Amino acid sequence: MIGVYDSGYGGLTVLRALRAALPTHDFVYLGDSGRAPYGGRDTDTILDFAEQCVERLFEEGCPLVVVACHTVSCVALRHLQRRYGPGGALVGAATESDSAGATPRRILGVTIPAAEAAVAQSRGHIGVIGTARTVSSGTFATELAKLGPHRVTQRAAPLLAPIVEEGWEDSAIARLAVARYVAELGDIDTLVLGCTHYPLLRAAFEATLPEGVAILDPAPFVAARLSDWLDRHPGFVAPGTGTLRVLCTDPAGFRAHGERFLGEPLPVVAHVAEEGGRLAHKATVEVRLGQIVR
Ligand code: DGL
């Protein structure tokens, strides 16, 4: 099983691309929707939440976790990889329940696939929009700089994710907000949608951006990179039958919004309880929507 982690339901736009590219793989999605949005949170809090969530996905039996959230990928991916990846401090000892010891684990993100795709198609000036923390982390700019001498203009767009969460992506408010942000990006030729919510605003971006500016949704490139990784690591994750389990920390909100992001009906959404700032550990029995997992 492959774990997919996001701050909420936005990462379902990434999961959609992953499932399309890898239809025979089984996925477990964990959306920390009860503690979202992450985009304005401080770095230490994001690191803490990210550790809890990937550990929960390890407990669920996922040796491979894709961090679908751009904010987490920019702020915490290196930390998570050092902590849980090969040679990491907690390899094989990430969870209390995993006493087997040496299970190899990998965590992949979304930033590098997005940066590579942007560089491959840009003529020289790349724009990036994302949450406040994504932009202030400077991670996109760092990764883009490693790949070539492109100009990069970044802009935090904190109003956009809440507009999508309200379901207002086809409204005048959405078009106005997008236009204000885009106006500050100058003469870019490629715009990276560096937030899981923004693909739902594609129509507003298309209506606003000058002709010839490419809009880059990283999700299909993340899926291509994951597929390539699986080919290069045969046996790391056994293929399955295309099942999907969904866990979240706020099932009511999740069920109301998730389908728009996933593009297909959601399966039963299980609730992962949070108490005193920590996520509960995995239950041994399956529970229905609304029940607390302890
Ligand atoms: N999933 C987040 C991201 O892609 C957006 C929502 C949030 O701020 O938590 O950056």
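As a starting point, this report considers the structure included with it. (Residues numbered from 1 in each chain as written. Predicted model: local features only at pLDDT ≥ 70, side-chain atom pairs only at ≥ 80, totals over all residues. Heavy atoms only, no water.)

### Some words on the overall build of the protein
When helices and strands are counted, the protein shows 11 helices and 13 strands. Here the C-alpha atoms of the protein give a radius of gyration of 18 Å, agreeing with the 19 Å that 2.2 N^0.38 yields for 294 residues. Taking the principal axes of the C-alpha coordinates as reference, the protein spans close to 55 × 40 × 35 Å. Within the protein, the proportion of its 294 residues that are buried is 55%. When contacts within the protein are restricted to residue pairs at least 6 apart in sequence, those whose partners lie at least 24 apart make up 73%. (Helix = DSSP H or I, 4+ residues; strand = E, 2+ residues; numbered from the N terminus. Rg over C-alpha atoms; globule rule 2.2 N^0.38 Å. Buried < 20%, exposed > 50% of the residue type's maximum accessible area, 1.4 Å probe, protein only. Contact = heavy atoms within 4.5 Å.)

### A look at the environment of G138
Checked against the element boundaries, G138 lands in the loop between helix 5 (132–137) and helix 6 (139–147). Once the C-alpha coordinates of G138 and L15 are considered, the two residues, 123 residues apart in sequence, prove to be 25 Å apart.

### Some points on the pattern of salt bridges
Tallying each qualifying case throughout the model produces 15 salt bridges. Between R83 and E51 there is a salt bridge, with the nearest N and O atoms lying 3.5 Å from each other. Here the residue R83 occupies a position in helix 3 (residues 70–84), and E51 occupies one in helix 2 (residues 43–59), the gap between them amounting to 32 residues. Given the relative accessible area of 14%, E51 is considered buried. Here D187 and R151 are joined by a salt bridge, their closest N and O atoms 3.4 Å apart. Of the two residues, D187 is situated in the loop between helix 8 (172–183) and strand 7 (190–194) and R151 in strand 6 (residues 151–156); the sequence distance between them amounts to 36 residues. Salt bridges here are not isolated pairs; linked through shared partners, they connect D32, R35 and E274. (Salt bridge = Lys/Arg side-chain N within 4 Å of Asp/Glu carboxyl O.)

### So, unusual backbone geometry
Cis rather than trans, the peptide bond between A36 and P37 has omega equal to 0°. The residue P37 is located in the loop between strand 2 (27–31) and helix 2 in this model.

### Here we look at the packing of aromatic side chains
For the coordinates displayed, the defined rule picks out eight aromatic pairs. Centre to centre, the rings of Y9 and F254 are 5.7 Å apart; their planes meet at 75°, and the pair counts as edge-to-face. Of the two residues, Y9 sits in the loop between strand 1 (2–6) and helix 1 (12–21) while F254 sits in helix 11 (residues 251–262), which places them 245 residues apart along the sequence. As far as burial versus exposure is concerned, Y9 and F254 are alike and both buried. Plain terms: the ring middles of W229 and F236 are 5.1 Å apart, the flat faces sit at 90° to each other, and that makes the pair edge-to-face. Across this residue pair, the class does not change: W229 and F236 are buried. One residue, R35, lies across the ring of F49, its end atom 3.8 Å from the ring centre. (Phe/Tyr/Trp six-rings, centres within 6.5 Å; stacked < 30°, edge-to-face > 60°. Lys NZ or Arg CZ within 6 Å of the ring centre and 35° of its normal.)

### Brief notes about helix 6
Here helix 6 has its buried residues at T139, F140, E143 and L144. Take helix 6 and look down its axis: the buried residues cluster within an arc of 130°, on one side only. Opposite its buried face, helix 6 presents the exposed residues A145 and K146, each directed more than 90 degrees away. (Arc of directions from axis to C-beta.)

### Remarks on the nonpolar core
Judged by nonpolar contacts, the single largest core of 55 residues is most densely connected at L160 and F205. Here the element with the most residues in this core is helix 10 (residues 219–232); it accounts for six residues. One finds Y5, V28, I46 and L80 within the second-largest nonpolar core, a separate group that totals 27 residues. (Core = buried A, V, L, I, M, F, W, Y, C linked by side-chain atoms within 4.5 Å.)

### A word on helix 10
Relative to the 20 Å expected for 14 residues at 1.5 Å per residue, helix 10 spans 20 Å between its end C-alpha atoms, a close match to the ideal helical length. Listing the buried residues of helix 10 in full gives A219, V222, A223, L226, W229 and L230. The arc that holds the buried residues of helix 10, viewed along the axis, is 120°, so those residues lie on one side. (Expected span 1.5 Å × (residues − 1).)

### Some remarks on the sheet that holds strand 8 (residues 214–216)
The parallel open sheet is built from four strands, whose spatial order is 6-5-7-8. The sheet terminates laterally at strand 6 and strand 8, the two strands that pair on one side only. With strand direction ignored, the average angle separating the axes of adjacent strands in the sheet is 20°. Relative to strand 7, strand 5 (residues 125–130) runs parallel, the two sharing five bridges. In the strand pairing of strand 7, G127 is matched with L191. (Pairing = 2+ DSSP bridges. Axes fitted to C-alpha atoms, helices over the stretch in contact; angles between N-to-C directions.)

### Some details on the pairing of strand 9 (residues 244–248)
On a regular strand, each side chain points to the face opposite its neighbour's, so the side chains alternate between the two faces of the sheet. Taking burial as the measure, the five residues of strand 9 include four buried ones, the bulk of the element. Taken together, the five bridges between strand 2 and strand 9 define a ladder with parallel strand orientation. When the bridges of strand 9 are listed, F27 appears paired with L244. The parallel pair strand 9 and strand 10 (residues 269–272) is bridged by helix 11, and the resulting crossover is right-handed. (Right-handed = clockwise from strand over helix to strand, strands pointing away.)

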